[in-house]
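Listed below, chain by chain, are the residues.
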Amino acid sequence: LAGKSRSGCEALKVVARCRPMSRKEEAAGWERVLQLDVKLGQVSIRNPRAGPGELPKTFTFDAVYDASSRQADLYDETVRPLVEAVLQGFNGTILAYGQTGTGKTYTMQGEGEKRGVIPSSFEHIFTHISRSSHDQQYLVRASYLEIYQEEIRDLLAKDQSKKLELKENPETGVYIKDLSSFVTKNVKEIEHVMNLGSQARAVGSTNMNERSSRSHAIFLITVECSEMGPDGQEHIRVGKLNLVDLAGSERQSKTGPHGERPKEASKINLSLSALGNVISALVDGKSTHIPYRDSKLTRLLQDSLGGNAKTIMVATLGPASHSYEESLSTLRFANRAKNIKNKPRVNEDPKDTLLREFQEEIVRLKAQLEKRGMLGKKRRRSSRRKKGVDGESATENEGEDDNEEGLEKNMENYLKEQKERLEEEKAAIQDDHSLVSEEKQKLLQEKEKMIEDLRKEQEATELLATKYKAMESKLLIGGRTIVDHTNEQQKMLELKRQEIAEQKRREREMQQEMLLRDEETMELRETYTSLQQEVEIKTKKLKKLYAKLQAVKAEIRDQHDEYIRVRQDLEEAQNEQTRELKLKYLIIENFIPPEEKNKIMNRLYFDGEEDQWKFQPLVPTGGNCNQMKRRPTSAVGYKRPISQYARVAMAMGSHPRYRAENIMFLELDVSPPAIFEFERSRDPAEQDPRALHMERLMHLDSFLERPATSRVRKSRSW
Ligand code: ADP
Ligand code: MG
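Residues numbered from 1 in each chain as written. Chains lettered and ligands numbered in written order. Predicted model: local features only at pLDDT ≥ 70, side-chain atom pairs only at ≥ 80, totals over all residues. Heavy atoms only, no water.

Colleague: I'd like to hear about the packing of helix α2 (residues 71–87) against helix α4 (residues 117–131), residue by residue, with values.
Modeller: Packing of α2 against α4 brings their axes to within 10 Å, and their N-to-C directions diverge by 50 degrees. As far as their axial angle goes, α4 and α2 are oblique. As α2 packs across α4, the resulting crossing turns out to be right-handed. Residue-level contacts link Leu74, Tyr75, Val79, Arg80, Val83, Glu84 and Leu87 of α2 to Val117, Ser120, Ser121, His124, Ile125 and His128 of α4. (Axes fitted to C-alpha atoms, helices over the stretch in contact; angles between N-to-C directions. Helix = DSSP H or I, 4+ residues; strand = E, 2+ residues; numbered from the N terminus. Parallel < 35°, antiparallel > 145°, perpendicular 65-115°, else oblique. Left-handed = near helix turned anticlockwise from the far one by under 90°. Contact = heavy atoms within 4.5 Å.)

Listed below in structure tokens is the structure:
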């Protein structure tokens, strides 16, 4: 990472936030293990089972927010600069990471009046637009999605059950195919979009808490801005804001609370563990391969982690001792993430911006509307010329029209005027007694048709106009009031607040730096007046260093323990998978004929786009698929295809051959049993055994020949 300090690189910003003790925790009398130093930006965590000499562990972040922090503090100090950058055309990401119940959703969405990062950013974005200069045009759109067990769900789509796919475009990067997004023109609209998504999230889950703690929710805002550059050309900048409420970071037990099979359980936090792996790979400096492709989440956030984006991580913590382990692991995770370096840049004039599309469509619609206006005028001109039988000066009219042509005219008025004029002319013709009745009729019909045409044209124009208006309203022009509080006072207040936040941040940075320098320069500064003093000071220093050494040693121990635990987990997972693989091989070797296996193997191919092995279809898709014989359709009323002959045979009798279903007789046989006499008294020598056998068969025959009706009832299902 040493070479990464070039300009243009910036570190991931990490802040920690600790929620207050919940009422339940207070009632149960849990100890507090977290200590926050807001001024210094430090969090100390004390092990509740610590030995007497063990010191709390301390982590330093860009900022920390304690239980008394307000939503606005976090927003103004930390988030505002990022959203500001998004409005300038940077990509921005805010990740909320932490154990379930520590305030991720509270931070991102907020509760009621305590608006979180997402709703605050709406306010911010639209206020910014309404205050920007008039030659800027903005387009704001929003999407909302959820990743649950490695499946992407569009929270704004009509069909919620549809799973979306990740695609990769060599130019624009990873995107989600068919993800719906809504163009919004004010805070209310985008809030509505957010609420829709939140509702869909709640509806889609049987157990809201469990699902929300295991799924990642991503709210996506895209802001496109076009502005005239100094070169006289219009330039478009696109900023994307990802607002991510991650799944709970707590360790998932192997079986899951409801005993899912290991395969499902392993998917639960796949995205989150992949996130951890990506971060580790990014910060260790030696990895050449960053495993972005291991999960949907990391692929989506590829730009945000080590790429073209400004990123903030909010690590949320619980203060009580029962969450010590999780809090510590959250702090470690966040501490590691601090070292990620991003390379944000303004996205200027990318391909395929929606704003450009909108602009072009609006121009097209406008041209069409204008053309319609002109057509109407031309008609008027020609109709006047036609009417000018008695030598009325047509040229004069034409000149007048030309003057009008450039002007934008109120279409509705114009058309109304036209219609009235035509009606008038119609009436005039009616009253004109000098015309022959036949001619009169013809002229009248002509006028009638013209009125009809005019009406049709008016309808089409209205349709165009509404479309034009709808599109234009979405395109936000800088400086127009979309947010009510645009007055100067408000603006000043905000500026002051921002200044204060900035000052606080600088102060903290300075303090952190001073602390570092203090330790370094201590020995340089000191000159000792006496040996006694020197001893004293050096003893103090030794103590300090010793404590530090102990802390580092403890840290190493912890890290080692953690390492062993992770390693054991991985080994276990590997063993499990090896076992499964062996079983599958065993099945293949023993139960699948080699030629079948080869057939299957030959059909396999790797789909790079979806990162999956897939089967080639058995029948080549395309034009020649109708060569394949279609399955015969079943005769009306029957379940299977059936021949005419069989149908007749079925109607004739009960020959079982033609029964297509209920072939077995399942009713009880209630006829008396056949009884054979056993004549023991006869002298067996007299009896020819063959005759005896024949006689038995005869009995049997008579048994079989009894009328069918007594034994068999016709199946009624036919
Ligand atoms: P998560 O989304 O991380 O599972 P939640 O956001 O649902 O956690 O928060 C759990 C509870 O803690 C909620 O009842 C919330 O009101 C409360 N809470 C979280 N953070 C704060 C905070 N900073 N101030 C006040 N209450 C908080
Ligand atoms: Mg939550």
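Colleague: Summarise the pairing of strand β18 (residues 310–317); cite the residues concerned and give the values.
Modeller: Within a regular strand, the side chains alternate between the two sheet faces. Of all 8 residues in β18, 8 are buried, a share of seventy percent or more. Alternating residues of β18 divide into Lys310, Ile312, Val314 and Thr316 and Thr311, Met313, Ala315 and Leu317, and every residue in both groups is buried. Of the strand pairs in this sheet, strand β2 (residues 13–18) and β18 are connected by 6 bridges, and their pairing is parallel. Bridge pairing in β18 places alanine 16 opposite alanine 315. As judged from the 7 bridges shared by strand β7 (residues 92–98) and β18, these two strands associate in the parallel manner. Across the sheet, residue alanine 96 finds its bridge partner in β18, namely valine 314. (Buried < 20%, exposed > 50% of the residue type's maximum accessible area, 1.4 Å probe, protein only. Pairing = 2+ DSSP bridges.)

Colleague: Describe the site of ligand 1, and please don't skip the residues or the numbers.
Modeller: The environment of ligand 1 is formed by Arg17, Arg19, Pro20, Gln99, Thr100, Gly101, Thr102, Gly103, Lys104, Thr105, Tyr106 and Glu111. The contact in question runs from an oxygen atom of ligand 1 to an N or O atom on the backbone of glycine 103, over 3.1 Å. Contacts to ligand 1 include lysine 104, whose backbone N or O atom sits 2.8 Å from an oxygen atom. The protein chains hide 71% of the 560 Å² of surface that ligand 1 would expose on its own. Per element, the largest residue contribution to the shell around ligand 1 is 3 residues, and it comes from helix α3 (residues 104–108). A breakdown of the residues in the shell around ligand 1 according to their chemical character gives 2 nonpolar, 6 polar and 4 charged. (Near = heavy atom within 4 Å. Polar contact = N/O pair within 3.5 Å; in protein donor to acceptor, adjacent residues only side chain to side chain. Areas by Shrake-Rupley, 256 points an atom, 1.4 Å probe, with all protein chains shown as cover. Nonpolar A, V, L, I, M, F, W, Y, C, P; charged D, E, K, R; others polar.)

Colleague: Break down the environment of lysine 188 for me, with residues and values.
Modeller: Residue placement: lysine 188 occurs in helix α5 (residues 187–203). The exposed category is assigned to lysine 188, whose relative accessible area is 69%. With 66 residues separating them along the chain, lysine 188 and phenylalanine 122 place their C-alpha atoms 9.0 Å apart.

Colleague: Tell me what's going on with unusual backbone geometry, and back it up with residues and numbers.
Modeller: One non-glycine residue, glutamine 149, lies in the positive phi region at around 45 degrees. Summarising the element assignment, glutamine 149 is placed in the loop between β10 (137–148) and β11 (151–154). The class of glutamine 149 is partly exposed, set by a relative accessible area of 21%. One non-glycine residue, aspartate 178, lies in the positive phi region at around 65 degrees.

Colleague: Give a detailed account of the pairing of strand β4 (residues 42–45), specifying residues and quantitative values.
Modeller: The alternating pattern of β4 places Gln42 and Ser44 and Val43 and Ile45 on opposite faces, both of which are buried. Here 4 bridges tie strand β3 (residues 34–37) to β4, and the two strands are oriented antiparallel to one another. Residue leucine 36 lies in a different strand from β4, and its bridge partner there is valine 43. Sheet analysis places β4 next to strand β5 (residues 57–60), joined by 4 bridges and oriented antiparallel.

Colleague: I'd like to hear about the packing of aromatic side chains, residue by residue, with values.
Modeller: For the coordinates displayed, the defined rule picks out 4 aromatic pairs. Their ring planes at 0 degrees and their centres at 3.9 Å tell us that tyrosine 97 and phenylalanine 333 sit as a pair that is stacked. Of this pair, tyrosine 97 sits in strand β7 while phenylalanine 333 sits in helix α10 (residues 324–337), and the two are 236 residues apart along the sequence. Under the relative-accessibility criterion, tyrosine 97 is labelled buried at 6%. Look at phenylalanine 606 and tryptophan 613: their rings are 5.3 Å apart centre to centre, the planes differ by 65 degrees, and that puts the pair in the edge-to-face class. The class of tryptophan 613 is exposed, set by a relative accessible area of 59%. Members of the aromatic cluster, joined through ring pairs, are Phe122, Tyr144 and Phe219. (Phe/Tyr/Trp six-rings, centres within 6.5 Å; stacked < 30°, edge-to-face > 60°.)

Colleague: Hey, could you go over the pattern of salt bridges for me, with residue numbers and the actual values?
Modeller: The full count for this structure, using the stated rule, is 42 salt bridges. A salt bridge links arginine 46 to glutamate 31, with the nearest nitrogen and oxygen atoms 3.3 Å apart. Taken as a pair, arginine 46 in the loop between β4 and β5 and glutamate 31 in the loop between α1 (23–27) and β3 lie far apart in primary sequence, 15 residues in all. On the basis of relative accessibility, which here comes to 32%, the residue arginine 46 falls in the partly exposed class. Each of the salt bridges in this network shares a partner with another, and the network as a whole consists of Lys57, Arg332, Glu555 and Asp558. (Salt bridge = Lys/Arg side-chain N within 4 Å of Asp/Glu carboxyl O.)

Colleague: Tell me about the UniProt feature "binding site: ATP" (unreviewed entry) in the chain, and please be specific about residues and values.
Modeller: Here the UniProt-annotated "binding site: ATP" (unreviewed entry) positions come out as Gly98, Gln99, Thr100, Gly101, Thr102, Gly103, Lys104 and Thr105. Along the polypeptide, glycine 98 turns up in strand β7. The class for glycine 98 is buried, based on a relative accessible area of 0%. Contact partners of glycine 98, with chain neighbours within four places excluded, come to Lys104, Ala247, Gly248, Ser249, Thr316 and Thr330. Tracing the chain through its elements places lysine 104 in helix α3. A relative accessible area of 7% means that lysine 104 is categorised as buried. Setting aside residues up to four positions removed in sequence, lysine 104 forms contacts with Ala96, Tyr97, Gly98, Gln99, Asp245, Leu246, Ala247, Gly248 and Thr316. (UniProt positions renumbered as here; feature names shortened; annotations may be inferred.)

Colleague: Account for the packing of helix α8 (residues 270–284) against α10, naming residues and giving values.
Modeller: Packing of α8 against α10 leaves a shortest axis separation of 9 Å and a crossing angle of 45 degrees. Regarding the angle of α8 to α10, the classification is oblique. Crossing handedness for the pair α8 and α10: left-handed. Touching Leu275, Gly276, Ile279, Ser280 and Val283 of α8 are Phe333, Arg336 and Ala337, all from α10. Split by residue class, the contact of α8 with α10 holds 5 nonpolar, 2 polar and 1 charged.

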